[in-house]
Amino acid sequence: MSRKRRRSRITVGQRCLMVLAAVLLVVVTLTCAYKALVHPPQRENKEAGSAAAVSDVPAEEQDADQLALAAKAAHSARKSDFYTILVSGVDDGNGGSDTNILVAVDAGAGKIYGVNIPRDTKIRINGKNHKFNAAYNIGGMDQVAEALSGQLGIPVDYTVEVSLKAFSALVDAIGGVDFNIPIDMDYDDPYQDLSIHFRAGTQHLTGAEALKVVRFRHNNDGSGYGSEDIGRMKTQQAFLKTVAKQTLRPSNLTKVSSFAKIFQKYVKTDLELGELAWLGQEAFTVGADNIDFSTLPGKWTSPYIYLDADEVLTIVNEHLNPYVEDRVPADLNILT
């Protein structure tokens, strides 16, 4: 009971939507506005440089360390036009990044895949146990990216940090969203002046209404999804897919100015403008039907979610692996 009371309040960061929608909205329009700047992300590949250096030495003359380095470098060979981007929704000055999605843009294969990392996933930082959403408070986006990369055994090429306010603004900018609400929602929190009341079924949602839908975890009487965070993430994923379909339309390319202003105000990223434009062009080419999402599978055992190593490894290899080799090594740090 105590855990339920602790988690019953709906904090801002915990309900921030998977704001990849913000990136999709803006970069698609920037493609037209800044066509001259368009170019693929310029990802540095230090491992490739190491591979070249080692390859100059004949195999029979390499010692054990050189052979190990060569093997590592060979594994680090990257697929063409494959990028991993960590998208995090952060609290507006109140806490960590409770919504984190690793997005794999496989332009070569024409696919985009996003995986949601549960906020309570157990991680270790500086030798101490933490929940994943605490990484942002410890060291910002760099720490979040490092924690995720260390667990999954793959690099995080770029990060995108989006504040909560961007979500409502972007949904309103595309004229609202038609969305099938999965269950009846009846929740009130007087401490936050928050009321969420919707009937199940398809409704046209404004930005403010959509935010309430993706924030919902359970009803006043405790009923609802049955699994609060997992159910909420599934709704977020379905909503994001719907937003993508309604956003990746030629008619929205006329809204360059509005999208650009929202992006500049609410989004922080280490991607350059021309790189964003290139990604937007690729997203438009891929289309919403080739954009999919899932959640890293695991089991909640107070106070953490322990990821299922085998199932997570399958997701990594099928959708997130940026390397030319077919498989990511199995010695991942998933169960830290």
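Preceding this paragraph is the structure being described.
Keep in mind that what you see is a predicted model, and the values were worked out from it rather than measured.

Trainee: Whenever I open this one, the overall build of the protein confuses me. Can you help?
Mentor: Of the regular secondary structure elements, the protein holds twelve helices and 14 strands. Taking all 336 residues of the protein together, the buried fraction comes to 52%. Excluding contacts between residues fewer than 6 apart, the proportion of contacts in the protein whose partners are at least 24 apart in sequence is 70%. Of the accessible surface of the protein, which amounts to about 15,200 Å², a share of 50% is contributed by carbon and sulfur atoms.

Trainee: Even after reading the chapter, I still don't get unusual backbone geometry, so can you show me in this structure?
Mentor: Backbone phi values are negative for most residues with the exception of glycine, while trans is the configuration of most peptide bonds. A cis amide bond, omega 5°, links S302 with the succeeding residue P303. If you trace the backbone, P303 turns up in the loop between β13 (298-301) and β14 (304-307). Of note, the phi angle at D81 is positive, near 55°, even though the residue is not glycine. With respect to the helices and strands, D81 occurs in the loop between α5 (64-75) and β1 (82-90). Judged by relative accessible area, D81 falls into the partly exposed class, the value being 28%. Backbone geometry places N126, a non-glycine residue, at a positive phi of 55°. As for its position among the elements, N126 is in the loop between β4 (122-125) and β5 (128-131). A residue is classified by how much of its surface remains accessible, and N126, at 72% relative accessible area, is exposed.

Trainee: Got a minute to help me understand helix α7 (residues 165-173) in this structure?
Mentor: In an α-helix, one full turn covers 3.6 residues, which means residues spaced three or four apart are oriented alike. Of the positions making up α7, those classed as buried are A166, F167, S168, L170, V171 and A173. In the stretch just after α7, G175 is the one whose phi turns positive, near 85°.

Trainee: Looking at this structure, I do not really get the environment of R232. What am I missing?
Mentor: Within the fold, R232 resides in helix α9 (residues 228-247). Put simply, R232 and V213 are 19 residues apart on the chain and 8.9 Å apart in space, counted from C-alpha to C-alpha.

Trainee: Explain the pattern of salt bridges to me, please; I cannot follow it from the model alone.
Mentor: Pairs can form between side chains of opposite charge once their charged atoms are near each other. Counting across every chain of the model gives five salt bridges. Between R78 and D157 there is a salt bridge, and its shortest N-O distance comes to 2.8 Å. Placement of R78 in the loop between α5 and β1 and of D157 in the loop between α6 (135-152) and β6 (158-163) is noted, with a sequence separation of 79 residues between them. R78 gets classed as buried once you look at its relative accessible area, which sits at 15%. The partner of K131 in a salt bridge is D120, and the shortest N-O contact between them spans 3.6 Å.

Trainee: Any chance you could explain the nonpolar core here in plain terms?
Mentor: General note: in soluble globular proteins, nonpolar side chains tend to be found buried as a group. In this structure, I85, M185, L205 and F239 are the most contacted members of the largest nonpolar core, which totals 50 residues. Not counting residues up to four positions away in its chain, the partners in contact with M185 are I196, H197, F198, R199, V213, F216, N219 and Y225. Core analysis: the next-biggest nonpolar cluster, separate from the first, contains 30 residues, A104, V115, V144 and L307 among them.

Trainee: What is the right way to read the sheet that holds strand β3 (residues 111-116) from this model?
Mentor: By definition, the strands of a sheet pair up through backbone hydrogen bonds, in either a parallel or an antiparallel sense. The six strands lie next to each other as β11-β6-β1-β2-β3-β12, forming an open sheet whose pairing is mixed. Each having just a single partner strand, β11 (267-269) and β12 (291-295) make up the two edges of the open sheet. Strand-to-strand twist across the sheet, computed as the mean angle between neighbouring axes with direction ignored, equals 20°. Taken together, the six bridges between strand β2 (residues 99-106) and β3 define a ladder with antiparallel strand orientation. For A104, the partnering residue across the bridge sits in β3 and is Y113. In the packing of helix α11 (residues 273-286) onto the sheet, contacts are made with β1, β2, β3, β6, β11 and β12, and the angle to β3 comes to roughly 105°. Strands β1, β2, β3 and β12 of the sheet are contacted by helix α12 (residues 309-320), whose axis makes an angle of about 155° with β3.

Trainee: Would you mind going over the packing of aromatic side chains with me for this structure?
Mentor: The geometry of an aromatic ring pair comes down to the distance between the two centres and the angle between the two planes. If you walk through the whole model with that rule in mind, you get four aromatic pairs. On the numbers, 4.9 Å between centres and 70° between planes, the contact of F179 with F239 is edge-to-face. Linking F179 in strand β7 (residues 177-181) with F239 in helix α9, this pair joins segments that are 60 residues apart in sequence. An angle of 90° between the planes, with centres 6.3 Å apart, marks the rings of Y304 and Y306 as edge-to-face.

Cut-offs applied
Residues numbered from 1 in each chain as written. Predicted model: local features only at pLDDT ≥ 70, side-chain atom pairs only at ≥ 80, totals over all residues. Heavy atoms only, no water. Helix = DSSP H or I, 4+ residues; strand = E, 2+ residues; numbered from the N terminus. Buried < 20%, exposed > 50% of the residue type's maximum accessible area, 1.4 Å probe, protein only. Contact = heavy atoms within 4.5 Å. Areas by Shrake-Rupley, 256 points an atom, 1.4 Å probe, with all protein chains shown as cover. Salt bridge = Lys/Arg side-chain N within 4 Å of Asp/Glu carboxyl O. Core = buried A, V, L, I, M, F, W, Y, C linked by side-chain atoms within 4.5 Å. Pairing = 2+ DSSP bridges. Axes fitted to C-alpha atoms, helices over the stretch in contact; angles between N-to-C directions. Phe/Tyr/Trp six-rings, centres within 6.5 Å; stacked < 30°, edge-to-face > 60°.

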